[in-house]
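Residue-level structural notes
Okay, here's what each chain looks like letter by letter:
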Protein chains: 2
Amino acid sequence: MAAATALPLAAAATAAPAPQPDIRTLGSSGKEEAAMDIVIPLYDAYEPLDVVGPYEVLAYLPGASVRFVGAEKGPVKDALGSLPTYVPATYSEVEHCDVLLIPGGGSVEAMVADADFLAWVRRIHRRTRFTTSVCTGSLVLGAAGLLKGLTATTHWGGAEALASYGAVYTPQRTVRQGKVITSAGVSSGIDMALTLAALLTDEVTAQAIQLWVEYDPQPPFDSGSLAKASDAVQKRVFELGKESPHNR
Amino acid sequence: MAAATALPLAAAATAAPAPQPDIRTLGSSGKEEAAMDIVIPLYDAYEPLDVVGPYEVLAYLPGASVRFVGAEKGPVKDALGSLPTYVPATYSEVEHCDVLLIPGGGSVEAMVADADFLAWVRRIHRRTRFTTSVCTGSLVLGAAGLLKGLTATTHWGGAEALASYGAVYTPQRTVRQGKVITSAGVSSGIDMALTLAALLTDEVTAQAIQLWVEYDPQPPFDSGSLAKASDAVQKRVFELGKESPHNR
């Protein structure tokens, strides 16, 4: 088929689909350590694009391995409720990683009150190359005490909470302070991950990943931030909240 | 906590995490039908952002329900290999939907040769409000015979294959031809989904979702298309392919 030869990164995927595997053995084990070891905690009601945006970019880094971890192995439900996911490893199995990426979502409230999880975040952070967050994942870094006195960003709805942890909130898309990189709401993780990809490798490699995922954004509207959205749009987002998947 | 009240769409998610559920009962059943019923087939080696970009946008539409379906219920492995997912329903359970969205990925080769799946795509297409694709998912629509004589788009690596199905390939981000909407590679599904959201509801609602997912893209580089990427970047993307997750 022409498609097989035309798609450079999918060349090996031309065989018939594999037999259905056992979901419990899919994904990386918690004990592997790759040349570039990226760890992303998942918890119930994680916001899927917070996770998958950066995952789609970072997994293509040469030598990279992405590990998803949870308090326990097992199923988690995403914030939108339709895409069942299975966490293959526990965070307690992780002693070290190069990149820690904390996503946001509906249960960040619980995570910022989970002393064991926050202690793990602090311990892992000591030896990371980069400690990063997307969306309200920044509140977890704040609750862990890692943002005190730092400029940082989060989802626009989390600005006040972020400041309560001693961070200086700024409505920027990606904010780097040394090895700590925070990003704004949901989709911003893609931009953050490209910045991170260049820091971990080089700009040509990061740009090649951008080309592969064809990230040449052309949104049909320009309402992606509070500064740009009209009053009607800002009113509508609160109305939508009443019947959002978070609340079903 | 301040965060809870500050995040309008996450207000209901302030409770402690639920006990671990059985993954086989998570997600929508194949038999439900919502006010706006969106169906997304998943297959082994699906490209995760092809799926999750549009899912993150469309799930917030009022009354929307997103159903993930596969040839069989059970686990599927994504193209990047680390995020085990469980398909909760089979496509044969779906008789009708408002929106059909076909993602791409490493096993599109198998899907374009799967006569049963293509017959199902054709049958469902007859009564959809919109039939859509992301990335090499467009090749599935092509193989099903739905793009003959139509202008359409796909991942830049799939252009030749798309033309082999009688479509006129154009390197645009989103292409609408009546009720058929195709989009370019991987990340383009976000832009497509916002266009679709406005068609299904209204522009203010689509813009409110854009604000909620804070889609104000600011990529650190401008290499997201073949027209913009340098020769060095185009060379690097082929090198990356040799050790990409698709080929591990």
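This is a predicted model, so every value here is computed, not measured.

The rules we used
- Residues numbered from 1 in each chain as written.
- Chains lettered and ligands numbered in written order.
- Predicted model: local features only at pLDDT ≥ 70, side-chain atom pairs only at ≥ 80, totals over all residues.
- Heavy atoms only, no water.
- Pairing = 2+ DSSP bridges.
- Helix = DSSP H or I, 4+ residues; strand = E, 2+ residues; numbered from the N terminus.
- Contact = heavy atoms within 4.5 Å.
- Axes fitted to C-alpha atoms, helices over the stretch in contact; angles between N-to-C directions.
- Buried < 20%, exposed > 50% of the residue type's maximum accessible area, 1.4 Å probe, protein only.
- Polar contact = N/O pair within 3.5 Å; in protein donor to acceptor, adjacent residues only side chain to side chain.

**Quick word on the sheet that holds strand β10 (residues 174–177) of chain B**
Backbone hydrogen bonds are what pair the strands of a sheet, in a parallel or an antiparallel way. Residues and elements named next belong to chain B. Overall, mixed pairing links the seven strands, which are arranged β5-β2-β1-β6-β7-β11-β10 in an open sheet. The open sheet has two free edges, formed respectively by β5 (89–90) and β10, since each of these has just one partner strand. Bridge count for strand β6 (residues 99–102) against strand β7 (residues 130–133) is four bridges, and the pairing is parallel. Note that in β7 the partner of Ile102 across the bridge is Ser133. Along the sheet, helix α2 (residues 48–58) contacts β1 (36–41), β2 (64–70) and β6; its crossing angle with β2, the most-contacted strand, is approximately 160°. Helix α4 (residues 115–125) rests against β1, β2, β6, β7 and β11 (180–183) of the sheet, and its axis sits at about 150° to β6.

**Structural notes on the sheet that holds strand β10 (residues 174–177) of chain A**
Residues and elements named next belong to chain A. Here we have seven strands laid out as an open sheet, ordered β5-β2-β1-β6-β7-β11-β10, and mixed in their pairing. Among the strands making up the open sheet, the edge pair consists of β5 (89–90) and β10. In this sheet, β5 lies alongside strand β2 (residues 64–70) in parallel orientation, the contact comprising two bridges. Paired with Gly70 across the strands is Thr90, a residue of β5. Contacts from helix α4 (residues 115–125) reach β1 (36–41), β2, β6 (99–102), β7 (130–133) and β11 (180–183), with the element oriented near 150° to β6.

**A closer look at the environment of Ala206 of chain A**
For Ala206 of chain A, the location among the structural elements is in helix α8 (residues 203–212). Take Ala206 of chain A: its relative accessible area is 0%, and that puts it in the buried class. Note: C-alpha distance between Ala206 of chain A and Pro219 of chain A (13 residues apart in sequence) is 22 Å. With sequence-adjacent residues up to four places away left out, Ala206 of chain A is seen in contact with Leu194, Ala197, Ala198 and Thr201 of chain A together with Phe221 of chain B.

**Considering the side chain of Ser133 of chain B**
Residues and elements named next belong to chain B. Take Ser133: it is sitting in strand β7. Of the polar contacts made by the side chain of Ser133, one reaches the side chain of Ser138; its length is 2.8 Å. Residues in contact with Ser133, not counting those within four places in the same chain, are Ile102, Ser138, Leu141, Ile181, Thr182, Ser183 and Met192.

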